[in-house]
Structure formats: structure tokens, C-alpha cells
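Examination of the molecular architecture
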Amino acid sequence: MTPLPADAISDPGPTIWIMGEALIDFVPRQIDGAIAYVPQSGGSPYNAAKAAALAGARVRFVGGISTDFFGDMLVADLERHGVDTGHALRSAAPTTLAFVTFAGNHPRYAFFNNLTSTSLVQPPPLAGALGLGDVVSVGSISLIDRPGAENITAEALRCARDVLLAFDPNVRADMVRDRPDWTGRMERLLAAAGLIKLSVEDLAVLRPDMTGAAFAAAQLAAGTGLVVITDGEKGARAFGHAGAVSVASPQVRVRDTVGAGDTLMGTLLAELALRRATRLEDLKALPVDALRQYLHRSVIAAALNCTVTGCNPPTRAAVDAWLAKG
């Protein structure tokens with residue numbers, strides 16, 4: 001893989017703005033023979049923000065974060081990982097909570113999001129703050145419950161007029177109470193996004209009658225710059241205007257898969273930002289070899305995340321070390 005020059009890391013280039021939920025995952029642990037639930041920072045966009053920052057990008061989190069002690073924990077964790085929280089929206093509304101259990105290594109969630117800092121969020125207008133080549137990324141459960149879901153969608157669509165919109169639906173169908181309302185938001189974001197990342201499970205909900213290749217072809221024809229479809233331990237496929245590539249996931253000892261897709265998304269966004277390839281026209285012009293490089297690095301990062309418990313994305317140095325092993 002072509003290494004980045006040193007000045008690319010010292011000057012991370014365009015900013016990645018990430019809008020979405022910041023929540024607390026309660027993860028099961030065996031303590032004194034009983035199951036206890038331990039709080040960990042989480043949320044799909046939140047995890048992607050940390051992954052992008054650890055990969056060397058300039059990242060700003062734009063999401064609702066409570067002023068309760070869980071919110072303080074979330075802000076401290078973002079800042080510890082190098083994410084700018086100056087645009088995070090603090091409020092007295094409580095933090096969204098999620099309890100996690102596992103079927104094998106695969107997580108199942110129970111979310112508590114009623115009247116929270118996520119479901120009530122009103123993002124600020126970003127137009128005056130966005131720079132040339134910046135990216136706005138949205139997704140996941142922050143797009144389910146009104147009014148926050150509609151507020152985020154409206155701001156994301158406004159931003160998409162000026163900068164690249166990245167979209168990771170990260171579907172949690174069991175949380176959706178008003179399916180037509182949610183589906184409408186998904187369709188508007190799919191139509192506006194320049195970069196779409198989704199899993200095969202997401203695709204089965206959003207386009208149950210389409211293969212990944214057919215979905216990607218339709219999106220590219222409609223103007224999307226890049227579509228990435230993840231498939232767990234099988235790796236990921238990327239579909240660009242110059243062609244498609246597949247990257248297999250490396251064999252690792254999996255602890256759990258929490259945040260693997262988020263880590264892939266954040267790492268991919270960082271790689272595009274560091275390579276100054278964040279405009280829609282840049283994505284459409286990406287050669288296949290470059291696309292394979294960026295996806296390879298992102299898949300490695302996702303796999304390394306799975307070797308530890310919870311979402312703990314690897315540093316850029318850790319990915320470099322893995323790649324150096326050949």
C-alpha cells in the first residue's frame with residue numbers, strides 16, 4: 001500500500017463532521033458468577049468519529065450529548081481520542097442507553113431513546129463552518145425518532161448541497177415504530193449521499209429484492225460516488241465508477257464484533273480525507289487500485305477492532321504494523 005507522506009498526517013486536510021447519536025452501551029460481564037452490565041461509550045456515528053480520528057483525520061462530532069454524568073463520560077472519551085467536541089450539543093435531556101447481549105460474537109441491542117439528547121437534538125446550521133472538501137457523515141438510530149431524526153436529516157441534506165454527504169444507515173429495524181416515516185428519511189438520504197456504506201443486513205431491509213451489485217449499480221447511475229457493502233467476516237466490497245473491488249477480512253481471534261462496521265466507515269472517511277479525495281468528483285474519479293488500497297486498510301482496522309471487547313478502533317500505527325507484516 002502506498003504510504004502517506006509525513007506532511008499528510010501533520011496536515012489532515014478536510015474536516016469530517018459526524019452527526020448522530022452518542023450513547024452508553026451496557027456490555028455484559030461475568031462478575032462473581034453473575035452477569036453485570038458495564039457502561040461503555042458508544043453509538044455508531046460516535047464510534048466512527050473515534051475511528052477516523054485515530055486514523056489521523058480531523059474530526060468534529062455534531063450530535064446531542066447530555067449534561068448528565070454519562071454525557072460527561074462521552075465527551076471525555078471523544079476528546080481523549082482526538083475528536084473535537086466544540087460543536088456537540090449539550091442538553092439536560094438524558095443520555096440514550098443501549099443494553100448489549102451476544103449470540104456467539106454477534107451483538108443484540110435493547111435501546112432506550114425516548115426523549116433523550118439524541119431524539120430531541122437540533123443540529124446547528126453548519127453551512128458557515130464547512131470548508132472546501134469537508135465531509136458530513138450521518139446514520140444509525142439518530143435517524144429513527146422525531147424530532148431529532150428529522151432535524152438531523154434536514155441539516156444533512158442542506159450540507160449535501162455544498163459538501164460530500166456520507167451515509168451509513170446501520171439499520172436497527174426493531175427500533176422503528178413508524179416505518180413509512182423512517183423509510184422516507186432513508187430514501188432522501190440515499191438519494192443525496194455521495195458515499196454510502198451499508199451492511200448486507202442493512203441491504204436486506206432497505207432493498208430486499210436487490211443484490212449488493214444491483215443496488216450499487218443503481219446508486220452509481222443516480223449520481224452516488226462510491227458504495228461500500230460490508231459482509232462481516234467475509235470482508236467488504238466497494239463499487240466505484242472505475243470498477244468494483246472485494247477485500248477479504250483477515251483471520252483474527254474475535255472477541256466480539258461491536259463497532260466493526262463503524263470502524264470501517266471511520267477509517268475509510270479518514271483515508272479519503274488524508275488523500276484529499278473527499279469531493280464527489282474525487283470519488284467518481286477514484287481508480288480501482290486506490291479504491292482497493294483504501295478499502296483494504298479499512299477492513300484491517302475493522303478486523304483489529306474485533307480482537308478486543310467493545311468498540312475500540314485501532315490507531316493508524318497499529319494498522320500500519322499489521323500491514324507491514326504482509
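It should be noted that the structure appears before, not after, this text.
All figures in this text were calculated on a predicted structure; none of them were measured in a lab.

**Considerations on the sheet that holds strand β7 (residues 96-103)**
- Judged by pairing direction, the sheet is mixed, and its four strands sit side by side in the order β3-β2-β7-β8 without closing on themselves. Both edges of this open sheet fall to β3 (34-42) and β8 (106-112), since each of them pairs with a single strand only. Between one strand axis and the next, the sheet turns by 30° as a mean value, whatever way the strands run.
- Across nine bridges, the pairing between strand β2 (residues 23-31) and β3 is antiparallel. Across the sheet, residue glutamine 30 finds its bridge partner in β3, namely isoleucine 35.
- Contacts from helix α3 (residues 69-80) reach β2, β3 and β7 within the one sheet, and its direction differs from that of β3 by about 60°.

**Quick look at the packing of helix α2 (residues 44-54) against α3**
- Look at α2 against α3: their axes get within 9 Å of each other, and the N-to-C directions meet at 25°. If you check the angle between α2 and α3, you find them roughly parallel. Two secondary-structure elements touch here, α2 through Tyr46, Ala49 and Lys50 and α3 through Leu74, Asp77 and Leu78.
- Of the residues belonging to the contact of α2 with α3, the class tally is four nonpolar, no polar and two charged.

**Quick look at the side chain of threonine 85**
- Within the fold, threonine 85 resides in the loop between α3 and β6 (89-91).
- Judged by relative accessible area, threonine 85 falls into the buried class, the value being 13%.
- A distance of 2.6 Å separates a polar atom in the side chain of threonine 85 from a polar atom in the side chain of glutamate 79.
- Apart from residues lying up to four places away in sequence, threonine 85 is in contact with Val75, Leu78 and Glu79.

**A few points about the environment of phenylalanine 99**
- Looking at where phenylalanine 99 falls in the secondary structure, it is placed in strand β7.
- Spatially, the C-alpha atom of phenylalanine 99 lies 42 Å from that of alanine 285, the residues being 186 residues apart in sequence.
- Those residues in contact with phenylalanine 99 that lie beyond four places of it in its chain are Phe26, Tyr37, Arg108, Tyr109, Ala110 and Phe112.

**Considerations on the packing of aromatic side chains**
- Summed over all chains, the structure comprises seven aromatic pairs.
- An angle of 80° between the planes, with centres 5.9 Å apart, marks the rings of tyrosine 46 and phenylalanine 61 as edge-to-face. Placement of the pair is tyrosine 46 in helix α2 and phenylalanine 61 in strand β4 (residues 58-62), with a sequence separation of 15 residues. The burial state of tyrosine 46 is the same as that of phenylalanine 61; both residues are buried.
- Ring geometry for phenylalanine 69 against phenylalanine 70: centres 4.5 Å apart, planes inclined by 40°, an arrangement best described as tilted.
- Phenylalanine 69 gets classed as exposed once you look at its relative accessible area, which sits at 61%.
- Using a relative accessible area of 15% as the deciding quantity, one classes phenylalanine 70 as buried.
- Ring pairing ties together the aromatic residues Phe26, Tyr37, Phe69, Phe70, Phe99 and Phe112, which thus form one cluster.

**Examining unusual backbone geometry**
- The peptide bond linking arginine 146 to proline 147 adopts the cis configuration, its omega dihedral lying at 0°.
- Positive phi outside glycine occurs at aspartate 32, with the angle close to 55°.
- Judged by its relative accessible area of 80%, aspartate 32 is exposed.

**Details of a nonpolar patch on the surface**
- A grouping of Ile35, Tyr37, Phe99 and Phe112 is seen on the molecular surface, where their side chains present a nonpolar patch of about 380 Å² in accessible area.
- Examined against the element boundaries, phenylalanine 112 turns out to sit in strand β8.

**Describing the nonpolar core**
- In this structure, Val59, Phe61 and Leu195 are the most contacted members of the largest nonpolar core, which totals 49 residues.
- Non-local contacts of phenylalanine 61, meaning those with residues more than four positions away in its chain, are made with Ile18, Gly20, Glu21, Ala22, Pro45, Tyr46, Ala49, Leu78, Val83, Asp84, His87 and Ala88.
- The next biggest cluster of nonpolar side chains, apart from the first, holds 42 residues, and it includes Val136, Phe215, Val227 and Phe239.

Rules and cut-offs
- Residues numbered from 1 in each chain as written.
- Predicted model: local features only at pLDDT ≥ 70, side-chain atom pairs only at ≥ 80, totals over all residues.
- Heavy atoms only, no water.
- Pairing = 2+ DSSP bridges.
- Helix = DSSP H or I, 4+ residues; strand = E, 2+ residues; numbered from the N terminus.
- Axes fitted to C-alpha atoms, helices over the stretch in contact; angles between N-to-C directions.
- Contact = heavy atoms within 4.5 Å.
- Parallel < 35°, antiparallel > 145°, perpendicular 65-115°, else oblique.
- Nonpolar A, V, L, I, M, F, W, Y, C, P; charged D, E, K, R; others polar.
- Buried < 20%, exposed > 50% of the residue type's maximum accessible area, 1.4 Å probe, protein only.
- Polar contact = N/O pair within 3.5 Å; in protein donor to acceptor, adjacent residues only side chain to side chain.
- Phe/Tyr/Trp six-rings, centres within 6.5 Å; stacked < 30°, edge-to-face > 60°.
- Patch = residues over 30% accessible without salt bridge, like charges linked within 9 Å, V, L, I, M, F, W, Y side chains within 5 Å.
- Areas by Shrake-Rupley, 256 points an atom, 1.4 Å probe, with all protein chains shown as cover.
- Salt bridge = Lys/Arg side-chain N within 4 Å of Asp/Glu carboxyl O.
- Core = buried A, V, L, I, M, F, W, Y, C linked by side-chain atoms within 4.5 Å.

Coordinates in, geometry out; function isn't part of it.
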